[in-house]
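So the chains spell out like this:
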Amino acid sequence: MQEQAIVWRHAGDDIGLVPTMGALHAGHDSLITRARRENQRVVVSVFVNPKQFGPHEDFLKYPRPFDQDRARLEALGVDAIFNPPVDQIYPPAFKTRVDPGPLGEVLEGKSRPGHFGGVLTVVLKLLNLTQPKRAYFGQKDFQQVVLVRQLVRDLALPVRVVVVSTVREPDGLAMSSRNAYLDPAQRRLAPNVRQALTEAARAFTAGETEPAELERLTTDRLAVAPGVEIDYVAVVDETTLSRPQQASPGSVLAVAVKLGSIRLIDNVVLGAERL
């Protein structure tokens, strides 16, 4: 993979990388389409990264429909599918791990200790292997985006991080590979997450800027949906992930909930989305 990427770069071709864990859906398609538009070459990695799963999470059960993914990627016209086995990415002597620092210990990082160390470690390795000029990530995983940007900035990596808007189902549910785990009753409840975010975002547009009040509106809306267990609801600064004194355009309202054993995350950028 690395040798092929270097050949492309020496020929003057820009490479766009779309890192995925497979089980591809329309959200991934939007990343690939953007990468196709902006680069001469597009690489999609399909790798279920064991280092970002906790001890009680779903690594072994995570969907791996590789034949379907390959057909989808071929139809989208990607130049390479990078699907390495785990022991090539993490050989027995592998010792190095990226420390995300304080930004990796809040929100998702607080609920999933060690998660972002695993994410940044594999992202760094994928960037080195695929040599992209641009790497594409979805807004749904906004904390991941913040941390990947930190990685790129702090280690002076020659890559631009491109963020693509969240793609949603017709009822507003953010597309995610984990949605496949939802049973019919849970699937009916899941759109409440987007609805709660939307109501709070509308309140912000109408003039509400108190983080605590925006969080309360979101929490109250989620509380009326039986079976939705709230992990966190937080208004944070878009770059520091700290709680602002007052929400402002660009602040992010982030939510994580559980439906049974299924964990869903979503967010809204206040003042920046059509509601």
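Owing to the predicted nature of the structure, the values given are computational and were not obtained by experimental measurement.

1. Details of the packing of helix α2 (residues 26–38) against helix α3 (residues 66–76)
Link 1 in the chain: At a closest axis distance of 11 Å, the pairing of α2 and α3 adopts a crossing angle of 35 degrees. In this structure, α2 meets α3 at a crossing whose hand is right-handed. Residues A26, D29, I32 and R36 of α2 form the contact with α3, whose participating residues are R72, L73 and L76.
Link 2 in the chain: Each residue belonging to the contact of α2 with α3 can be placed in one class, and the counts come to 4 nonpolar, no polar and 3 charged.

2. Side note on the side chain of E215
Link 1 in the chain: Topologically, E215 is positioned in helix α10 (residues 211–223).
Link 2 in the chain: Classification of E215 as buried rests on a relative accessible area of 13%.
Link 3 in the chain: A distance of 2.9 Å separates a polar atom in the side chain of E215 from the backbone nitrogen of V235.

3. Comments concerning the pairing of strand β5 (residues 160–164)
Side-chain direction in a regular strand flips from residue to residue, so the side chains alternate between the two faces of the sheet.
Link 1 in the chain: By the bridge criterion, 5 bridges tie strand β4 (residues 134–138) to β5 in an arrangement that is parallel. Paired with R134 across the two strands is R160, which belongs to β5.
Link 2 in the chain: The parallel pair β4 and β5 is bridged by helix α7 (residues 142–154), and the resulting crossover is right-handed.

4. Structural notes on the sheet that holds β4
Link 1 in the chain: The 5 strands lie next to each other as β3-β2-β1-β4-β5, forming an open sheet whose pairing is parallel. The open sheet has two edge strands with one neighbour each: β3 (80–82) and β5. Sheet twist, expressed as the average angle between the axes of neighbouring strands with direction ignored, equals 25 degrees.

5. Here we look at the sheet that holds strand β7 (residues 252–259)
Link 1 in the chain: The antiparallel open sheet is built from 3 strands, whose spatial order is β6-β7-β8. Of all the strands in the sheet, just β6 (228–236) and β8 (262–269) have a single pairing partner and so form its edges. With strand direction ignored, the average angle separating the axes of adjacent strands in the sheet is 15 degrees.
Link 2 in the chain: Examined bridge by bridge, β6 and β7 share 8 bridges and lie antiparallel to one another. The partner of Y232 across the bridge, within β7, is A256.
Link 3 in the chain: Helix α9 (residues 192–205) rests against β7 and β8 of the sheet, and its axis sits at about 25 degrees to β8.
Link 4 in the chain: Contacts between α10 and the sheet are confined to β6 and β7, with β6 contributing the most and set at about 160 degrees to the helix.

6. With respect to the pairing of strand β2 (residues 41–46)
Link 1 in the chain: Counted residue by residue, β2 has 5 buried out of 6 residues, so it is predominantly covered.
Link 2 in the chain: In the classification by handedness, the crossover that spans strand β1 (residues 15–20), the intervening α2 and the parallel β2 is right-handed.
Link 3 in the chain: Chirality of the crossover, the property in question, places the unit of β2, α3 and β3 among those that are right-handed.

7. Concerning the nonpolar core
Link 1 in the chain: Counting 42 residues, the largest nonpolar core has V123 and F142 as the members making the most contacts within it.
Link 2 in the chain: When residues of this core are assigned to their parent elements, the largest contribution, 9 residues, is made by helix α6 (residues 115–130).
Link 3 in the chain: Once residues lying within four places of it in the same chain are set aside, the contact partners of F142 are L107, V236, L241, V252, A254 and N267.
Link 4 in the chain: Judged by nonpolar contacts, the second largest core, of 25 residues, contains L182, L197, A200 and L222.

8. Things to note about the packing of aromatic side chains
Link 1 in the chain: Using the criterion set out here, one finds 4 aromatic pairs in the structure.
Link 2 in the chain: With a centroid separation of 6.2 Å and an interplanar angle of 50 degrees, the aromatic rings of F47 and Y90 are classed as tilted. Here the residue F47 occupies a position in the loop between β2 and α3, and Y90 occupies one in the loop between α4 (86–89) and α5 (108–111), the gap between them amounting to 43 residues. Of the two residues examined, F47 and Y90, each falls in the buried class.

9. Points about unusual backbone geometry
Link 1 in the chain: The phi dihedral of Q131 is positive, around 55 degrees, even though this residue is not glycine.
Link 2 in the chain: Turning to its location among the elements, Q131 is positioned in the loop between α6 and β4.
Link 3 in the chain: Look at L241: it is not a glycine, yet its phi comes out positive at around 65 degrees.
Link 4 in the chain: Take L241: it is sitting in the loop between β6 and β7.
Link 5 in the chain: Owing to a relative accessible area of 7%, L241 belongs among the buried residues under this scheme.

Parameters and conventions
Residues numbered from 1 in each chain as written. Predicted model: local features only at pLDDT ≥ 70, side-chain atom pairs only at ≥ 80, totals over all residues. Heavy atoms only, no water. Axes fitted to C-alpha atoms, helices over the stretch in contact; angles between N-to-C directions. Helix = DSSP H or I, 4+ residues; strand = E, 2+ residues; numbered from the N terminus. Left-handed = near helix turned anticlockwise from the far one by under 90°. Contact = heavy atoms within 4.5 Å. Nonpolar A, V, L, I, M, F, W, Y, C, P; charged D, E, K, R; others polar. Buried < 20%, exposed > 50% of the residue type's maximum accessible area, 1.4 Å probe, protein only. Polar contact = N/O pair within 3.5 Å; in protein donor to acceptor, adjacent residues only side chain to side chain. Pairing = 2+ DSSP bridges. Right-handed = clockwise from strand over helix to strand, strands pointing away. Core = buried A, V, L, I, M, F, W, Y, C linked by side-chain atoms within 4.5 Å. Phe/Tyr/Trp six-rings, centres within 6.5 Å; stacked < 30°, edge-to-face > 60°.

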